[in-house]
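Structure assessment
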Amino acid sequence: MRYLAALLFALPSLAFAQCSPDAPCEIDGGSYHMLVPDGVSENAPALVFFHGHNATGGMIFRGGIRSDFAEAGYVVIAPNGTPIEGRKTLRWAGREGGTRDDVTFTLDVIEDAKTRVSIDPERIYVAGFSAGGSMAWLMACKAAAPFAGFASISGALRQPNDTTDCPSEPVRFLQIHGFGDNQVPFEGRAIRDWHQGSVWDSLSLARSINQCRSHPDSIDIGERFRCRMWDDSCGEGAIKFCEHDGGHGLPRGWTIMARDWFEAG
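Source: prediction; values computed, not measured. (Residues numbered from 1 in each chain as written. Predicted model: local features only at pLDDT ≥ 70, side-chain atom pairs only at ≥ 80, totals over all residues. Heavy atoms only, no water.)

1. Thoughts on empty space enclosed by the protein
As a reminder, the rule being used: A cavity, in this analysis, means grid points on a 1 Å lattice covering only the protein atoms where a 1.4 Å probe fits yet has no way out; a pocket is instead an open set bounded by protein on both sides within 12 Å along at least five of seven lines, and a residue lines either one if it has an atom within 4 Å of a point. Grid points are joined across faces, edges and corners, and a volume is the space filled by probe spheres set on the points. Note that Gly is not counted as nonpolar here; it falls among the polar residues with everything else outside the nonpolar set of Ala, Val, Leu, Ile, Met, Phe, Trp, Tyr, Cys and Pro and the charged set of Asp, Glu, Lys and Arg.
Summed over all chains, the structure comprises 1 cavity of 30 Å³ or more. The computed volume of the largest cavity comes to approximately 40 Å³. Forming the boundary of the largest cavity are Ser130, Ala131, Ser134, Ser154, Gly155, Ala156, Arg158, Val184 and Gln196. For the lining of the largest cavity, the class distribution of residues is 3 nonpolar, 5 polar and 1 charged.

Next up, the structure:
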């Protein structure tokens with residue numbers, strides 16, 4: 001028994017992470033999935049990724065998120081949204097009036113994850129797709145302080161939301177959007193009593209809190225992405241907006257771009 005106890009004590013703490021892409025961790029208010037890379041060191045960087053509408057956190061652990069984040073040493077945390085009636089998939093309200101305070105829930109998810117794996121508090125990043133991209137904007141708006149960088153793919157800050165002091169402090173934010181996106185167009189769409197939000201308005205809020213000038217400091221036109229950058233003119237933080245020719249989806253190469261953005265901060 002003494003040998004067994006000593007062996008268990010000697011095992012890396014990651015062995016007790018208990019969360020996986022297939023088995024969510026339950027906390028008050030909901031659940032989340034987590035992927036801890038093999039051989040991860042102490043104080044690992046972490047990516048918090050919000051799934052899109054009609055999906056789950058367990059669906060995001062593939063492609064570039066696995067190869068360019070998890071296999072690069074990032075702990076990947078995928079909070080689950082709230083139920084959609086009659087389906088097994090989930091949604092994010094991303095606005096005032098939702099059934100759950102998703103900002104507080106996300107902060108609770110991160111605190112719970114920290115009890116299971118060693119995460120560097122200075123290298124926690126947020127990203128999301130579509131409704132999940134709107135959640136990335138909402139976290140920047142309401143609780144930017146714990147995070148070192150943000151990326152939204154095909155999402156914007158939804159309305160209604162109080163945009164007083166939004167974002168809550170200067171931010172490092174990357175927005176990626178498809179020119180042909182008609183599901184979440186640049187201008188957003190009104191849906192019943194809420195609005196998807198405007199990419200232009202969201203970027204304007206970030207420029208304002210970062211004290212950036214209105215026109216970009218640099219423009220880069222590449223083969224796949226056309227990007228505008230606000231950094232040199234900003235008091236703090238930085239903003240990068242990249243569009244591509246595709247529609248509503250995760251464009252090839254977004255994970256490399258996002259990781260480079262995070263790590264350059």
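Once the structure has been displayed, the description carries forward.
2. A word on the state of the cysteines
To be explicit about the condition: Any two cysteine sulfur atoms within 2.5 Å of one another count as a disulfide. By the criteria applied, helices consist of DSSP H or I runs no shorter than four residues and strands consist of E runs no shorter than two, each listed in order from the N terminus. Relative accessible area decides the class of each residue, using a 1.4 Å probe on protein chains only: under 20% of the type maximum gives buried, over 50% gives exposed, and in between gives partly exposed.
Enumeration over the complete set of coordinates arrives at 4 disulfides. Put simply, Cys212 and Cys234 are joined by a disulfide, and their sulfur atoms are 2.0 Å apart. For the disulfide bridge between Cys212 and Cys234, the dihedral angle about the S-S bond is near 105°, and by the sign convention the bridge is right-handed. Residue Cys212 is found in the loop between α5 (199–210) and β12 (218–221), and its partner Cys234 is found in the loop between β13 (226–230) and β14 (238–244); the two are separated by 22 residues along the sequence. When its relative accessible area of 14% is taken as the criterion, Cys212 is described as buried. Owing to a relative accessible area of 12%, Cys234 belongs among the buried residues under this scheme. The disulfide that involves Cys227 links it to Cys242, with 2.1 Å between the sulfurs. Its torsion about the S-S bond being 115°, the disulfide of Cys227 and Cys242 is classed as right-handed.

3. Some details on the confidence of the model for the chain
Applicable threshold: pLDDT is a per-residue confidence score from the predictor, ranging from 0 to 100. For this analysis, residues touch if any pair of their heavy atoms sits within 4.5 Å.
Per-residue confidence for the chain gives a mean pLDDT of 93; residues scoring 70 or more make up 94%. Every residue in residues 1–16 scores below 50 in pLDDT, and together they form 6 contacts with partners more than four places removed in sequence or on other chains.

4. Some details on the packing of aromatic side chains
For the record, the criterion: Aromatic pairs are defined between Phe, Tyr and Trp rings, using the six-membered ring for Trp, whenever the two ring centres lie within 6.5 Å; interplanar angles under 30 degrees are classed as stacked, those over 60 as edge-to-face, and all others as tilted. Here, a charge over a ring means that NZ of Lys or CZ of Arg falls within 6 Å of the ring centre while also lying within 35 degrees of the ring normal.
Counted under the stated rule, the structure contains 13 aromatic pairs. Ring geometry for Phe69 against Tyr74: centres 5.1 Å apart, planes inclined by 90°, an arrangement best described as edge-to-face. When its relative accessible area of 0% is taken as the criterion, Phe69 is described as buried. Put simply, the rings of Phe69, Tyr74, Tyr125 and Phe262 touch in pairs and so form one group of aromatic residues. Stacked on the ring of Phe105, the Lys or Arg Arg100 has its end atom at 3.7 Å from the ring centre. Between Arg172 and the ring centre of Trp261, over which it is positioned, the NZ or CZ distance is 3.8 Å.

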